[in-house]
There are 2 protein chains.
Amino acid sequence: MCQNSISQVLLTLLILCGLLQCDSRPHSYDSKPLSEISKEVSKYSDIAHQIINLAVYGKAQNRSDERLAEFTDTIGNRVSGSKNLDLNVHLELVKIPHWVRGEESAVMLLPRNHTLAILGLGSSVGTPPGGIEAEAMVVESFEELKKRASEAKGKIVVYNQPFVSYGETVTYRASGASEAAKVGAVASLHPHTGWQWYQPGVAQIPTACITVEDAQMMARMACRGQRIVVRLTMRDQTLPDVDSYNTLAEITGSEHPEQVVLLSGHLDSWDMGQGAMDDGGGVTISWEALSLIRDLGLRPKRTLRTVLWSAEEPGGVGAAQYFQQHKANISNFNLVMESDLGTFSPLGLQFTGSDEARAIMKEVMKLLATINVTSLEEHGEGTDVNSVHYVFFPGASLHTADQRYFWFHHSDSDTMSVQNPEEMNLCSTVWAVVAYVVTDLDGMLTR
Amino acid sequence: MCQNSISQVLLTLLILCGLLQCDSRPHSYDSKPLSEISKEVSKYSDIAHQIINLAVYGKAQNRSDERLAEFTDTIGNRVSGSKNLDLNVHLELVKIPHWVRGEESAVMLLPRNHTLAILGLGSSVGTPPGGIEAEAMVVESFEELKKRASEAKGKIVVYNQPFVSYGETVTYRASGASEAAKVGAVASLHPHTGWQWYQPGVAQIPTACITVEDAQMMARMACRGQRIVVRLTMRDQTLPDVDSYNTLAEITGSEHPEQVVLLSGHLDSWDMGQGAMDDGGGVTISWEALSLIRDLGLRPKRTLRTVLWSAEEPGGVGAAQYFQQHKANISNFNLVMESDLGTFSPLGLQFTGSDEARAIMKEVMKLLATINVTSLEEHGEGTDVNSVHYVFFPGASLHTADQRYFWFHHSDSDTMSVQNPEEMNLCSTVWAVVAYVVTDLDGMLTR
């Protein structure tokens with residue numbers, strides 16, 4: 001039930017920390033036939049079972065959940081630029097944006113007085129002190145906005161776009177403000193929150209998230225021919241960039257310390273809820289995997305490094321700088337793993353890399369048959385890691401039963417109540433087994 | 001898409017209104033054999049299909065959803081005592097409580113500063129202007145509170161009870177404050193919102209709803225031995241009772257106008273969201289059922305009356321006064337129907353009454369075979385109607401696929417986005433067919 005204090009936990013993390021050494025050339029599998037690799041991988045089944053037993057049934061059972069609970073209960077959310085983000089072990093300096101949410105409010109004045117729940121989008125400019133009062137123009141898509149461009153001047157554009165998929169729908173969050181500004185709108189509102197990006201050379205207008213319910217209600221009102229007037233007040237501002245840190249911990253390799261397998265999640269969160277799911281879960285299993293391997297007294301041939309990224313929410317800022325700082329050693333990055341889509345029941349591993357590397361990873365996944373997580377899928381670029389040129393190294397992302405992810409994403413309900421200890425045990429296991437085996441195999445994954 | 005203005009809709013309601021006449025004695029089925037009743041009911045299959053065609057496929061398709069959308073979009077929520085509740089047709093005067101939510105806030109000061117999202121419970125007293133600052137005592141149940149009674153003096157009791165069922169769990173909302181006051185607590189918090197009742201002779205302490213997430217977090221902190229201190233400020237107050245109205249509409253019976261079948265839902269709501277689900281849906285289908293019957297030019301032998309209750313949320317206040325006002329005619333109430341658990345996909349009808357009456361209702365439900373809603377279940381006492389002595393008349397409640405009901409209940413997410421037009425078409429159909437047939441059968445349901 002109750003567990004170590006956060007200080008002990010952070011101490012553990014410190015103890016794990018080692019130094020990065022970079023020399024010699026990587027030794028690759030380019031030549032070795034798959035049958036031999038398969039034999040080599042199968043030798044790890046005992047170790048895989050030790051990890052499974054320790055994490056799922058043994059003394060490490062529920063530890064990742066307890067660590068995450070204590071972490072989020074003690075620190076809360078960790079938005080970029082806030083002190084909370086820096087309440088952690090610091091290793092590698094990065095510069096990150098510092099946008100500050102001010103007082104935010106919106107009231108629908110016509111056709112009836114109704115307070116709109118809003119949340120400014122990250123990097124949004126503020127309104128004048130008195131706010132902006134304007135007629136709302138409701139559209140379902142960018143296409144409709146373009147068609148009705150002549151109506152948009154001086155209006156507050158309300159996007160009532162249906163949720164199709166994150167990839168498609170997030171574009172309304174990312175560039176809804178700039179698209180509205182291009183046709184003369186003075187502000188934009190839409191039902192999805194997080195960071196947004198102003199397009200160069202386009203007027204910067206305030207932009208905020210509203211509820212799905214209010215977006216749909218305003219769409220119904222517009223459909224009835226009712227005039228909708230909204231007053232939007234936002235005191236948000238962007239301050240100068242601040243120092244932050246990517247947090248590193250590693251088990252230095254016994255034979256090829258310069259060759260690295262990287263386990264990662266992002267330590268920052270959005271400023272709603274506790275960031276337990278996004279990405280406290282990914283951070284915790286990336287850290288737990290190291291603990292499991294250490295608990296079993298294992299030391300892989302290569303260096304297994306956990307990196308807890310800073311400033312993912314503003315667009316993979318911490319990760320981009322990390323890979324910039326380490327580009328001299330990029331050829332020694334064997335596999336970069338990231339978990340940033342929740343730590344629900346693991347379904348498999350998403351992988352991006354050469355066919356030869358994929359064949360090896362398939363063998364590795366077979367070691368997880370007893371917990372029924374053997375599937376190797378496409379698209380292993382995590383949200384952090386895909387912010388750098390992916391071609392440089394193979395990548396893997398944890399795929400979990402994430403149907404509920406966007407129920408909680410960037411909202412006050414992203415808390416421990418989303419998490420499940422048994423699910424985290426399984427995620428930690430997958431993370432530890434895959435990471436250890438790939439880090440200890442004779443050869444590097446083929447590029 | 002777009003439809004009549006609310007004024008036209010209210011006009012429709014007014015036109016439907018008739019006068020109640022009370023004379024002669026009810027004529028019952030006590031003697032008639034079921035085989036004959038079955039034959040009689042089956043004669044209604046044409047009318048049942050006309051109603052189904054009109055509501056599900058015909059020109060009335062989606063009308064209930066559109067009416068509800070316009071109603072909630074235009075009026076918003078309708079908490080008892082507020083002006084919004086009275087923006088409707090008024091017929092029968094009732095006195096209802098007038099509790100007013102003031103500024104409410106809560107901050108956890110220890111072990112870390114964290115703003116708690118709270119919502120005062122209906123009828124809660126306020127705190128002193130400066131608020132109450134006290135240590136929190138977290139319990140999982142009333143049993144634990146009694147066991148640890150000696151620790152409670154001067155504390156803010158935080159209930160972290162698991163949700164078992166509404167019936168069981170609502171007791172923490174209804175009497176959590178009084179139970180805490182009995183052991184010397186100065187306030188109580190727990191994760192469920194709505195009205196609460198102070199027990200006579202027990203000190204009245206402020207009580208509010210917190211989130212499940214915060215209740216669980218405080219439980220984890222207590223489990224770690226951390227001292228939790230909360231400052232609670234509530235400016236809520238109870239004003240003198242106010243006049244309100246039960247809203248009536250009816251089709252007066254052609255042969256036995258004094259004999260009544262009653263269709264109902266409650267017009268008031270909680271003050272979060274729009275009250276679209278609780279109980280805008282029940283109100284709308286109870287009104288739509290009358291419209292469907294009128295559209296088909298049908299006039300039943302008995303009076304079919306729709307009553308939209310006032311002040312259900314404070315405990316069936318409007319309904320209790322209605323039945324008090326009409327007790328002289330209670331023997332003429334043939335069936336009282338209520339929908340107050342959502343208008344999701346209809347699964348069947350819950351019924352309370354004599355075995356003879358149940359046998360008749362089973363026959364009536366067979367008329368709904370083509371929309372696959374034939375099940376007749378136990379427990380037909382609605383939340384309003386069970387507030388009077390149920391033995392007086394048979395009762396029926398609409399049973400729908402309400403698994404998601406408590407996701408939205410009494411929260412800002414109780415809006416039109418919960419509703420589905422096709423589901424409402426089906427609910428209106430069930431409501432109209434059952435109401436019409438029972439109102440038009442030769443005899444009254446056997447008591």
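Since the structure is predicted, the reported quantities are computational estimates derived from the model, not experimental observations.

Colleague: Would you take a moment to explain the confidence of the model for chain A for this structure?
Modeller: Low pLDDT means the predicted atomic positions in that stretch should not be read closely. Residue and element names in this part refer to chain A. Counting all residues, the mean pLDDT for chain A is 89, and 90% of those residues have values of 70 or more. Every residue in residues 1-24 scores below 50 in pLDDT, and together they form 49 contacts with partners more than four places removed in sequence or on other chains. For this predicted complex, the interface confidence score (ipTM) comes to 0.83, while the overall pTM stands at 0.85.

Colleague: Where do I start with the relation of the copies chain A and chain B in this structure?
Modeller: Copy one and copy two of the chain differ by a rotation about a common axis and a shift along it. The two copies are related by a screw operation: chain A maps onto chain B through 180° of rotation and 0.0 Å of translation along the axis, at an RMSD of 0.0 Å. The superposition operator between the copies reduces to a two-fold rotation axis. Looking at the rotation axis and the C-alpha trace of chain A, the residue lying nearest is W407(A), at 5.8 Å. A high fraction, 100%, of the interface residues of chain A reappear at the interface in chain B, so the copies pair face to face through one surface.

Colleague: Honestly, helix 10 (residues 355-365) of chain B in this entry has me stumped. Any pointers?
Modeller: Every buried residue of helix 10 of chain B is listed here: A357(B), R358(B), I360(B), M361(B), E363(B), V364(B) and M365(B). Packing partners of the buried residues in helix 10 of chain B comprise helix 2 (34-42), strand 13 (333-338), strand 14 (346-352), strand 15 (375-377) and helix 12 (421-440) of chain B.

Colleague: Help me understand the domain arrangement of chain A in this model?
Modeller: How big an interface is tends to be stated in terms of the accessible area lost upon association of its parts. Residue and element names in this part refer to chain A. Under the domain assignment, chain A is made up of domain 1 (5-98 + 240-440) and domain 2 (102-235). Placing the centre of domain 1 and that of domain 2 at their C-alpha centroids yields a distance of 37 Å. Each side of the interface is counted separately: domain 1 has 9 residues, and domain 2 has 11 residues. Regarding the contact of domain 1 and domain 2, the summed buried area is about 790 Å², with carbon and sulfur atoms giving 77% of it. Of all residues in domain 1, W270, F406 and H410 give up the largest surface area on contact with domain 2, accounting jointly for 52% of the area buried on that side. Seen at the junction of domain 1 and domain 2, the total is 0 salt bridges. A per-class count over the side of domain 1 that touches domain 2 returns 5 nonpolar, 3 polar and 1 charged.

Colleague: Sorry, what's going on with the sheet that holds strand 9 (residues 229-234) of chain B here?
Modeller: Backbone-to-backbone hydrogen bonds pair the strands of a sheet. The strands run either parallel or antiparallel. All names here are of chain B. Reading across from one edge, 3-2-9-5-6-7-8-4 is the order of the 8 strands in this open sheet, with mixed pairing throughout. Both edges of this open sheet fall to strand 3 (114-116) and strand 4 (119-120), since each of them pairs with a single strand only. Summarising the sheet, strand 2 (residues 104-110) and strand 9 pair through 6 bridges and their orientation is antiparallel. Note on strand 9: the bridge partner recorded for L110 is V229. Those strands touched by helix 7 (residues 212-223) are strand 2, strand 3, strand 5 (132-139), strand 6 (156-159) and strand 9, and its axis lies near 135° from that of strand 3.

Colleague: Where do I start with the pairing of strand 10 (residues 237-251) of chain A in this structure?
Modeller: Two faces belong to every sheet, and in a regular strand the side chains alternate between them. All names here are of chain A. In the sheet, strand 1 (residues 92-100) pairs with strand 10 via 8 bridges, with the strands oriented antiparallel. By the bridge assignment, W99 is partnered in strand 10 with T238. As paired strands, strand 10 and strand 12 (residues 302-309) are joined by 5 bridges and run antiparallel to one another. In the sheet register, I251 faces strand 12, and the bridge partner there is L304.

Colleague: What exactly am I supposed to notice about the pattern of salt bridges here?
Modeller: A pair can form between side chains of opposite charge whenever their charged atoms are brought close. Residue and element names in this part refer to chain A. Going through the model one piece at a time under the given rule, you end up with 44 salt bridges over all chains. Among the ionic pairs, R63 bridges to E288, the shortest N-O distance being 2.9 Å. Remark: E288 occurs in helix 8 (residues 276-295) and R63 occurs in helix 4 (residues 63-75); sequence separation between them is 225 residues. A relative accessible area of 17% places R63 in the buried class. A salt bridge links E135 to R227; its shortest N-O distance comes to 2.9 Å. Taken together, the residues E135 in strand 5 (residues 132-139) and R227 in the loop between helix 7 (212-223) and strand 9 (229-234) connect sequence positions 92 residues apart. Residue classification places E135 among the partly exposed positions, given a relative accessible area of 29%. Residue classification places R227 among the partly exposed positions, given a relative accessible area of 48%.

Colleague: Sorry, what's going on with the interface of chain A and chain B here?
Modeller: The interface of chain A with chain B comprises 25 residues on the first partner and 25 residues on the second. Carbon and sulfur atoms make up 52% of the surface buried where chain A meets chain B, a total of about 1,900 Å² over both sides. At the junction of chain A and chain B, the tally comes to 4 salt bridges. Between chain A and chain B we count 12 residue pairs in polar contact (both at pLDDT 80 or more) in total.

Colleague: Help me out: how do you make sense of the packing of aromatic side chains in this one?
Modeller: By convention here, two paired aromatic rings are described through the distance between centres and the angle between planes. Counted by the stated rule, this structure contains 37 aromatic pairs over all chains. Between the aromatic rings of W99(B) and W195(B), the centroid separation amounts to 6.3 Å while the plane-to-plane angle is 75°, which identifies the pairing as edge-to-face. Separated by 96 residues along the polypeptide, W99(B) in strand 1 (residues 92-100) and W195(B) in the loop between strand 7 (187-190) and strand 8 (207-209) bring together distant segments of the chain. Both residues of the pair, W99(B) and W195(B), belong to the buried class. An angle of 80° between the planes, with centres 5.5 Å apart, marks the rings of F142(B) and Y159(B) as edge-to-face. Placement of F142(B) in helix 5 (residues 142-147) and of Y159(B) in strand 6 is noted, with a sequence separation of 17 residues between them. Classification of Y159(B) by relative accessible area gives buried; the value is 0%. Taken together, the ring pairs in this structure connect W309(A), Y322(A), F323(A), F333(A) and F393(A) into an aromatic cluster.

Colleague: Teacher, can you tell me more about the sheet that holds strand 13 of chain B here?
Modeller: Residues and elements named next belong to chain B. If you walk across this open sheet you meet the 8 strands as 1-10-12-11-13-16-14-15, and the pairing is mixed. At either end of the open sheet lies a strand with only one pairing partner, and these are strand 1 and strand 15. Geometrically, the sheet is characterised by an average inter-axis angle of 25° between neighbouring strands, direction not taken into account. Pairing of strand 11 (residues 256-266) with strand 13 involves 5 bridges; the strand directions are parallel. The residue of strand 13 that forms the bridge with L262 is V336. Against the sheet, helix 10 contacts strand 13, strand 14 and strand 15, and its axis sits at roughly 160° relative to strand 14.

Colleague: Would you explain unusual backbone geometry in this entry?
Modeller: Glycine aside, residues mostly have negative phi, and peptide bonds are mostly found in the trans state. Residues L110(A) and P111(A) are joined by a peptide bond in cis, for which omega reads 0°. Residues other than glycine seldom take positive phi values, yet N372(B) does so here, at roughly 60°. Considering the arrangement of structural elements, one finds N372(B) in the loop between helix 10 and strand 15. Among the residues examined, N372(B) registers a relative accessible area of 65% and is labelled exposed.

Cut-off values and rules
- Residues numbered from 1 in each chain as written.
- Chains lettered and ligands numbered in written order.
- Predicted model: local features only at pLDDT ≥ 70, side-chain atom pairs only at ≥ 80, totals over all residues.
- Heavy atoms only, no water.
- pLDDT = per-residue confidence, 0-100.
- Contact = heavy atoms within 4.5 Å.
- Least-squares fit on C-alpha atoms with pLDDT ≥ 70 in both.
- Buried < 20%, exposed > 50% of the residue type's maximum accessible area, 1.4 Å probe, protein only.
- Helix = DSSP H or I, 4+ residues; strand = E, 2+ residues; numbered from the N terminus.
- Domains from an automatic or database assignment.
- Buried area = accessible area lost by both parts, 1.4 Å probe.
- Salt bridge = Lys/Arg side-chain N within 4 Å of Asp/Glu carboxyl O.
- Nonpolar A, V, L, I, M, F, W, Y, C, P; charged D, E, K, R; others polar.
- Pairing = 2+ DSSP bridges.
- Axes fitted to C-alpha atoms, helices over the stretch in contact; angles between N-to-C directions.
- Polar contact = N/O pair within 3.5 Å; in protein donor to acceptor, adjacent residues only side chain to side chain.
- Phe/Tyr/Trp six-rings, centres within 6.5 Å; stacked < 30°, edge-to-face > 60°.

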